[in-house]
Amino acid sequence: MITKGSGPVENLFISTREIQLYYADTDMMGVIYHANYLKFFELGRTGFIEDLGYSYLSMEESGYFAPVYDVQVTYRKPLRYGDKGFVKTWVELNDGIKTVYGYTIVNGDEEICAEGKTTHIIVKKDNFRPTSFKKAFPEWYLKYEEIKKKD
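Rules used in this analysis
Residues numbered from 1 in each chain as written. Predicted model: local features only at pLDDT ≥ 70, side-chain atom pairs only at ≥ 80, totals over all residues. Heavy atoms only, no water. Core = buried A, V, L, I, M, F, W, Y, C linked by side-chain atoms within 4.5 Å. Buried < 20%, exposed > 50% of the residue type's maximum accessible area, 1.4 Å probe, protein only. Helix = DSSP H or I, 4+ residues; strand = E, 2+ residues; numbered from the N terminus. Contact = heavy atoms within 4.5 Å. Phe/Tyr/Trp six-rings, centres within 6.5 Å; stacked < 30°, edge-to-face > 60°. Lys NZ or Arg CZ within 6 Å of the ring centre and 35° of its normal. Salt bridge = Lys/Arg side-chain N within 4 Å of Asp/Glu carboxyl O.

A. Summary view of the nonpolar core. Ile105, Trp140 and Tyr144 are the most contacted members of the largest nonpolar core, which has 28 residues in total. When residues of this core are traced back to their parent elements, those giving at least two are α1 (36-51), β5 (85-94), β6 (98-107), β7 (112-124) and α4 (138-147). With five residues, α1 is the largest single contributor of residues to this core. Not counting chain neighbours up to four residues away, the residues in contact with Trp140 comprise Ile49, Tyr54, Ser55, Tyr56, Met59 and Phe133.

If you want it as structure tokens, here you go:
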């Protein structure tokens, strides 16, 4: 689901996906294990792409990958087994070379549990050499320009 922001982020499109929290995702303290938040970011990113009508699989079929170049996460409040969880995703930066996705993970009460960003670059599948997102996928790039977070 995509929603439109308000106030200073009025043109920002945010995709929201529910996170299925399983007992197997917890650690010894009974909270969702910290590394699982990276899976939640991936769920958000692929859902965001799908909500816009694009497909990561079609990117791969075109001969490209979009690997993670950098990841940052800050944990605010633990999610626990039995909680409701949601990941909200948007485009923070899109400069033609790299794309930075922003994420907020909230519980069922809309309390922020984690916030983060992942930076992705486009590489050619056959040799893993970086290439321009703007050149490889011009329509997709322009859509991100239209909906990315404005400063």
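B. Molecular detail of the packing of aromatic side chains. Inspection of every chain in the model, using the stated rule, returns 16 aromatic pairs. Measuring from centroid to centroid gives 5.8 Å for Phe65 and Phe128, while their planes differ by 50 degrees, and the two rings are tilted. A residue pair is termed long-range when its members are at least 10 positions apart, and Phe65 in strand β3 (residues 64-65) and Phe128 in the loop between β7 and β8 (130-131) qualify at 63 residues. Three or more aromatic residues joined by ring pairs make a cluster, and in this case those are Phe48, Tyr54, Tyr64, Tyr101, Phe133, Phe137, Trp140, Tyr141 and Tyr144. Over the ring of Tyr101 we find Arg45; its NZ or CZ atom is 5.8 Å from the centre of that ring.

C. Spatial organisation of the pattern of salt bridges. Tallying each qualifying case throughout the model produces 13 salt bridges. With a shortest N-O distance of 3.8 Å, Lys77 and Glu111 are connected by a salt bridge. Taken as a pair, Lys77 in the loop between β4 (68-75) and β5 and Glu111 in the loop between β6 and β7 lie far apart in primary sequence, 34 residues in all. Lys77 sits in the partly exposed class, given a relative accessible area of 34%.

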